[in-house]
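Observations on the model geometry
Read off the chains here:
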Amino acid sequence: MSGLGFPSEDDALLSRHKLKTAAGNRFHITKPWIYFIFIGIIGLIAFLHLTSHHNSDQKYIRPGSIFLDTDGNPINAHGGGFLFHNNVYYWYGEIKVGNTYTPAANANWGGSRVDLIGISCYSSQDLIHWEFRGNVLPAVTNDPSHDLYFKGVAERPKVVYNAVTNKFVMWLHIDSMDYKRARSGVAESDSPVGPFTYIQSFRPNDQMARDLTVFVDKASTTAYLITSSQDNAVTHVNELTSNYTSFTGNWKPIFEGRYMEAPTIFQRDDRYYFIGSGCTAWKPNAARSAVSTSIWGPWTELGNPARGTDADTTFHSQSTYVLPIRDGNDGEERFLFAADRWNEKDLPDSRYVWLPIEFDAAEDGSNGNESPIIHWHDEWDIRNAWT
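All of the points below concern the structure found in this document. Every chain begins its residue count from 1, and numbering advances along the sequence as written. Where local features are concerned, this predicted model is filtered to residues with pLDDT of at least 70; where side-chain atom pairs are given and counted, the filter is 80 or more; whole-chain, interface and lining totals use all residues. As a rule here, side-chain values cover all heavy atoms of the structure and leave hydrogens and water aside.

Attention now goes to the layout of surface pockets. To find leftover empty space, one rolls a probe the size of a water molecule over the atoms. Using only the protein atoms, space was sampled on a 1 Å grid; points where a 1.4 Å probe fits but cannot get out form cavities, open sets with protein on both sides within 12 Å along at least five of seven lines form pockets, and lining residues are those with an atom within 4 Å of a point. Grid points are joined across faces, edges and corners, and a volume is the space filled by probe spheres set on the points. Quantified by volume, the largest pocket comes out at close to 850 Å³. L83, F84, V216, K218 and P324 are, among the 31 residues lining the largest pocket, the residues nearest its centre. Runs of E in the DSSP output that reach at least two residues are strands. Runs of H or I that reach at least four are helices, and both are numbered from the N terminus. The set of elements that each furnish at least two residues to the lining of the largest pocket consists of strand 2 (78-85), strand 6 (153-162), strand 10 (212-216), strand 14 (261-268) and strand 19 (318-326). In terms of residue count, the dominant contributor to the lining of the largest pocket is strand 19 (six residues). Gly falls in the polar group here, along with every residue not listed as nonpolar (Ala, Val, Leu, Ile, Met, Phe, Trp, Tyr, Cys, Pro) or charged (Asp, Glu, Lys, Arg). Of the residues that constitute the lining of the largest pocket, the class distribution is 20 nonpolar, seven polar and four charged. Taken as a whole, the second largest pocket encloses approximately 470 Å³ of empty space. If you trace the second largest pocket, you find 19 residues lining it, with W109, Y179, N232, E261 and A281 closest to the centre.

Pairing between two strands is assigned when DSSP locates at least 2 bridges connecting them. Read from one edge to the other, the open sheet built from four strands follows the order 14-15-16-17, with strand pairing classed as antiparallel. Bordering the open sheet on either side are strand 14 and strand 17 (300-303), each of which pairs with just one other strand. Across the sheet, the axes of successive neighbouring strands diverge by a mean angle of 25°, strand direction being ignored. Pairing of strand 16 (residues 288-292) with strand 17 involves three bridges; the strand directions are antiparallel. Pairing of S289 across the sheet is with G303, part of strand 17. Axis geometry follows a simple rule: fit a line to the C-alpha atoms, using only the stretch in contact for helices, then measure angles between N-to-C directions, giving values from 0 to 180 degrees.

Here we take up the nonpolar core. W91, W130, W354, I357 and I382 are the most contacted members of the largest nonpolar core, which totals 39 residues. Where this core is concerned, the elements lending two or more residues are strand 3 (88-94), strand 15 (271-277), strand 19, strand 20 (333-341) and strand 21 (351-361). With six residues, strand 21 is the single largest residue contributor to this core. Only heavy atoms matter for contacts: two residues are in contact if any of them lie within 4.5 Å across the pair. If we skip the residues at most four places from it in the chain, I357 touches F266, I275, V322, F335, L336, F337, P372, I373, I374 and W386. Only buried Ala, Val, Leu, Ile, Met, Phe, Trp, Tyr and Cys residues count toward a nonpolar core, and they belong to the same one when joined by side-chain atoms within 4.5 Å. Exposed residues in this analysis have more than 50% of their type's maximum accessible area, buried residues have under 20%, and partly exposed residues fall in between, with area computed by a 1.4 Å probe over protein chains only. Core analysis: the next-biggest nonpolar cluster, separate from the first, contains 22 residues, V136, A154, I174 and Y198 among them.

A word on the sheet that holds strand 21. Overall, mixed pairing links the five strands, which are arranged 18-22-21-20-19 in an open sheet. In this open sheet, the two edge strands, each paired with only one partner strand, are strand 18 (306-307) and strand 19. Alignment of strand 18 against strand 22 (residues 370-375), held across two bridges, turns out to be parallel. Note that in strand 22 the partner of A306 across the bridge is I374.

With that out of the way, let us pick up empty space enclosed by the protein. Applying the stated rule across the entire model yields one cavity of 30 Å³ or more. In this structure, the largest cavity occupies an estimated 150 Å³ of space. The wall of the largest cavity is formed by 17 residues, among which E94, K96, V114, A154 and E155 lie closest to the centre. In terms of residue count, strand 6 provides more of the lining of the largest cavity than any other element does, three residues in total. When the residues that make up the lining of the largest cavity are grouped by side-chain class, the tally is nine nonpolar, three polar and five charged.

Now for the pattern of salt bridges. We define a salt bridge as a contact between a side-chain nitrogen of Lys or Arg and a carboxyl oxygen of Asp or Glu at a distance within 4 Å. Enumeration over the complete set of coordinates arrives at 16 salt bridges. A salt bridge links D175 to R210, with the nearest nitrogen and oxygen atoms 3.8 Å apart. Pair noted here: D175 is in strand 7 (residues 167-175) and R210 is in the loop between strand 9 (197-202) and strand 10, with a separation of 35 residues, a long-range link. This pair shows no difference in class: D175 is buried, exactly as R210 is. E301 is the partner of R258 in a salt bridge, and the nearest nitrogen-oxygen pair spans 2.7 Å. Linking R258 in the loop between strand 13 (247-254) and strand 14 with E301 in strand 17, this pair joins segments that are 43 residues apart in sequence. Through salt bridges with shared partners, a single network forms among R113, D115 and K151.

The values reported here are purely geometric and, on their own, carry no functional implication.
Here it is as structure tokens:
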């Protein structure tokens, strides 16, 4: 049985063979064409049954396959972010359905798109079986001036929990079809499964902002919005207010002149780590990583964390989030690299690439730092990936 994708061809063929044999023994069919139609229908039913009920047997993650939810439907949560709250994982992402097209304004850089539908939410207790919880921030269809108008852009949703306000706060990249608005939008909810109420959008600290992530410091619970700014030439660290919905005015540019997008930030021991990508539109490129003892820097770049065949394209994917996981075997905190494998000609068929992150001594020997390392796995068991 396939892990997070459709059932394997062998599984489907085997089931069809068994059903065919049973049907032939049970029924005496005098007209061959009726027999073949009957067997075809039974085979289709067998395949659909396998597709919709395979989730109970899942244990492997297969990067680049079609991930299915508990109803057997492809998970639709692109550019996603994750939240772990009360022992449940939540996955938020862009809903991509319908026709992929390229507006004339984006033709020179290949900026294909689908119309905005909204932001999805899925929940899981094991990172394998995902239940669809709905469209928690729907697009607006009747107000062209609204930030969530269906002809606009709402990308890379990231959700954090604020223990003081007891609110779930979502930040996402808000833009026009031609990507000239370059803003960050914020919404909040009383529940991790929404619905989220949209509040407003900003240019953080009067600076343009496109790809983003949100990071909450473990020790201080201070939250930061990390944005690709100045036409992606610089990454900005923007401190958020105590309710996580606005800005304190404290901010700093990092990675100046490095042209990066798809930022992720995570914390391991006394170090802050960054993984992002270069700027090649939907085309994949070599990931970049960095480490610092402060979120404000200085940051030491560590190079591409991907290793092996196709490392120069990060295994044909682009970072979206790094998820901390508490390992059930030894209680240690581990990290999952979540990325998107974009299909620019058919965006709804974009796939997910999830891989375990390991750490090794920095290859440049800088200050005793360890480098995040990502190897390709055709499939891996999240329960035993780091043993």
